[in-house]
There are 2 protein chains.
Amino acid sequence: MTGFNDDSAQYLISTVSKRSGVKSDLVRAWERRYQAVTPKRTAGGHRVYTDQDIARLKLLNLATSNGHSISQIAQFSLDDLKNLLNNEPVAITQPLNGITPSASDRIHLAEDYMEKCYAAVLAFDAKKLESHFENAIVELGSEAFIEHLLTPLLTRIGERWKTGELRPVHEHMTSSVIRSLTYILRNNNPCAANAPRMIVSTPIGQLHELGALLAAIMAELSGWQVTYLGANLPAEEIAAGVKFTHACALTLSLSFATDDHVVAKELRRLKKLIGNNVALIVGGRSASHYQAVLNEVGVLNIQSYGHFRQILNQLSARNMEQES
Amino acid sequence: MTGFNDDSAQYLISTVSKRSGVKSDLVRAWERRYQAVTPKRTAGGHRVYTDQDIARLKLLNLATSNGHSISQIAQFSLDDLKNLLNNEPVAITQPLNGITPSASDRIHLAEDYMEKCYAAVLAFDAKKLESHFENAIVELGSEAFIEHLLTPLLTRIGERWKTGELRPVHEHMTSSVIRSLTYILRNNNPCAANAPRMIVSTPIGQLHELGALLAAIMAELSGWQVTYLGANLPAEEIAAGVKFTHACALTLSLSFATDDHVVAKELRRLKKLIGNNVALIVGGRSASHYQAVLNEVGVLNIQSYGHFRQILNQLSARNMEQES
DNA sequence: ACAACTCTGTCAATGTTTTGTAAAGGTTTA
DNA sequence: TAAACCTTTACAAAACATTGACAGAGTTGT
């Protein structure tokens, strides 16, 4: 039925070598000796690789430089390899091979993935979207994945939703996929037990959770212990979550600007319920629409990716002081 | 301490030596003389060790430097060695035959986990809840996890929510945790490319997604290719999702009984939009409350865990026929 | 007490396997 | 036509395996 599933990505061996960090000769040797990858061929016999192959080779390279013998791990699945490296006591992040992609290369790569992911969203292909995400996380690393792929992707989805190219259901599907990815991202950097805690949600009437998800992931990567509550919760419930977890920060995402006063009312109630000792952070496409209330209530308004990280670090530091 | 995937990792002797602190020569001597470890071999004869072997050698090394004679302790089990080092009297464990837990044991085990998980929900401890879930999946297997842990847990959460012991926010937190687990569950059994497709969601006004999540997971485990859309979607959006994915089934969860006519209206509209070729399945705590409409529209009403699986299999079979 | 024996870690000698790299010579691609 | 690929074959360093031996420490038997 769907024979056209994987013809999207095709790379020749030199590209693969650059991106994975494994020399061409070695890639061929690994294929010949252990079937580490099994690329398709062009009519003329040239090897044609997929994104998955690249992710594979990257992980294999990491694993071998970590002391594993290539013959033993060559046929492991992507997940096996990820587990293997996750359980490593020594996560060597040294310049393992001469080939280190430059910053501009990585950004270009991220843009590349962005297009592919957006195409998958447009085609409503959850499986393909997830697969692209997985590969991108391996290739870009969690940080760059968030900053250069996820953030711009969500921004674009927001735009296209306005123009009518996308429907609400596209956003729901994307949320769902990203939500299941949090598992991988979280596993990549387990947080400390004494990490500061945060609640992430959206107030009542705000049904879009992509922004909130992004905030949750970013906070986790910054070392926070995040409890994500999903979208559309009344102030009392959110406040209850804050109390239960003893969170020292609460982040809300406002994506959709409404003219009624629900959001304003909810924000005021929330502030009353959580008090002044819990930082209230608000971000999202439409946060500026509520500027007046934000100022009145006294919230930290996220301006950009970097700004959010800055806020997180400041709060984190302050929290550590209080603890000691 | 998460993943326990020990059957995947394999090391050669030098790595083992570095990790365990026992020189390669000595490792071989201990094997030759006392069978302290019994590694497998490569085709060429190289020793191949597991994580367990490394742990063993570490403990043996500690014990010998503590004055114990290697010949005496070489064949101790991992637990024996741990006891030994804790200065506890060595309780020699029984011959370790591969005892497979009986069915009743497993159900008991599941109940045990149920209590632990519910306690974590009540305490609003997402981290602990996730950890219990992870362990349960490994110990029980996906099937039993769903049937004997997740299903009763969600049922109980529904009950306690009514009595006021739990707040809505508890349910949101639980949904969030379960949602990120879908990643593990899905990876445990990757579905075929030609698997029948299904959309899972809840209609507008139905904000509780636990039931829908459960249905999605069950369908995935039954070999379906599921696109999960989250909760609270209007009929047009759900129908769009069905069209986009060419799904042959649509499952909705109705947890909350409302007296307005929104649900009834949405169901009628949905049926019109998706036509008769797409199976419409409805389940959830409050499905019976809408019996009249369900009959009128002609939906498959889920009665129980087993019943849902039966429906899934029938649809799956019918779908296969049509394909061929 | 003293010789004989066992336990244990270490080494050396010698041969094999693994694995990254490279050269030679032909083919495909742009 | 040049650059990039392909296959085959080869090579050498590093890592392993096996066998056998040796010496210090502790034990045993007489």
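Relevant structure appears above.
Nothing here was measured: the structure is a model prediction, and the numbers come from that model. (Residues numbered from 1 in each chain as written. Chains lettered and ligands numbered in written order. Predicted model: local features only at pLDDT ≥ 70, side-chain atom pairs only at ≥ 80, totals over all residues. Heavy atoms only, no water.)

### Overview of the overall build of chain A
- Counting secondary structure elements, chain A contains 13 helices and 7 strands.
- Taken over C-alpha atoms, the radius of gyration comes to 22 Å for chain A, in line with the 20 Å a tight globule of 324 residues would show.
- With the C-alpha coordinates of chain A rotated into their principal frame, the extents come out at 70 × 50 × 30 Å.
- Taking all 324 residues of chain A together, the buried fraction comes to 53%.
- Of the contacts made within chain A by residues no fewer than 6 positions apart, 73% connect residues no fewer than 24 positions apart.
- Averaging the positions of the 32 positive and the 32 negative side-chain charges in chain A gives two centres separated by 2 Å. (Helix = DSSP H or I, 4+ residues; strand = E, 2+ residues; numbered from the N terminus. Rg over C-alpha atoms; globule rule 2.2 N^0.38 Å. Buried < 20%, exposed > 50% of the residue type's maximum accessible area, 1.4 Å probe, protein only. Contact = heavy atoms within 4.5 Å. Lys, Arg positive; Asp, Glu negative; His and termini not counted. Charge placed at Lys NZ, Arg CZ, Asp CG, Glu CD.)

### A look at the pairing of strand E4 (residues 225-228) of chain B
Residue and element names in this part refer to chain B.
- With burial as the criterion, each face of E4 is covered, one bearing Gln 225 and Thr 227 and the other bearing Val 226 and Tyr 228.
- In this sheet, E4 lies alongside strand E3 (residues 197-201) in parallel orientation, the contact comprising 4 bridges. Opposite Arg 197, over in E4, you have Gln 225 as the bridge partner. (Pairing = 2+ DSSP bridges.)

### As for the protein's contact with DNA strand C
- What surrounds DNA strand C is a group of 25 residues, the closest being Arg 33 and Ser 69 of chain A together with Arg 33, Ser 69 and Ser 71 of chain B.
- Within the side chain of Trp 30 of chain A, a nitrogen or oxygen atom sits 2.8 Å from a phosphate oxygen of DNA strand C.
- Put simply, the parts of the chain that give the surface near DNA strand C at least two residues each are helix H2 (24-34) and helix H4 (70-73) of chain A together with helix H2 (24-34) and helix H4 (70-73) of chain B.
- It is H2 of chain B that contributes the most residues to the surface near DNA strand C, 6 residues altogether.
- When grouped by side-chain class, the residues that make up the surface near DNA strand C number 10 nonpolar, 10 polar and 5 charged. (Near = heavy atom within 4 Å. Polar contact = N/O pair within 3.5 Å; in protein donor to acceptor, adjacent residues only side chain to side chain. Nonpolar A, V, L, I, M, F, W, Y, C, P; charged D, E, K, R; others polar.)

### A few points about helix H5 (residues 78-86) of chain A
- Leu 78, Leu 81, Lys 82, Leu 84 and Leu 85 of chain A are the residues of H5 of chain A that are buried. Viewed along the axis of H5 of chain A, the buried residues span an arc of 160°, placing them on a single side of the element.
- Along its buried surface, H5 of chain A packs onto helix H3 (51-65), H4 and helix H7 (126-163) of chain A together with helix H8 (168-188) of chain B. (Arc of directions from axis to C-beta.)

### Section: the pattern of salt bridges
- Applying the stated criterion across every chain yields a total of 30 salt bridges over all chains.
- In this structure, Arg 268 of chain B engages Glu 296 of chain B in a salt bridge whose closest nitrogen and oxygen atoms are separated by 2.6 Å. Residue Arg 268 of chain B is located in helix H11 (residues 262-274), and its partner Glu 296 of chain B is located in helix H12 (residues 291-297); the two are separated by 28 residues in the primary sequence.
- On the basis of relative accessible area, Arg 268 of chain B is assigned to the partly exposed category, the value being 38%.
- Residues participating in the shared-partner salt-bridge network are Arg 19, Asp 51, Lys 116 and Glu 139 of chain A. (Salt bridge = Lys/Arg side-chain N within 4 Å of Asp/Glu carboxyl O.)

### With respect to the protein's contact with DNA strand D
- Around DNA strand D sit 17 residues, and of these Ser 14, Arg 28 and Arg 47 of chain A together with Arg 28 and Arg 47 of chain B come closest.
- The sugar-phosphate share of atoms of DNA strand D within 4 Å of the protein amounts to 93%.
- One of the side-chain N or O atoms of Ser 14 of chain A is found 2.5 Å from a phosphate oxygen in DNA strand D.
- A distance of 2.3 Å is found between a phosphate oxygen of DNA strand D and a side-chain nitrogen or oxygen belonging to Arg 28 of chain A.
- Contributions of two or more residues to the surface near DNA strand D are made by helix H1 (13-20) of chain A together with helix H1 (13-20) and H2 of chain B.

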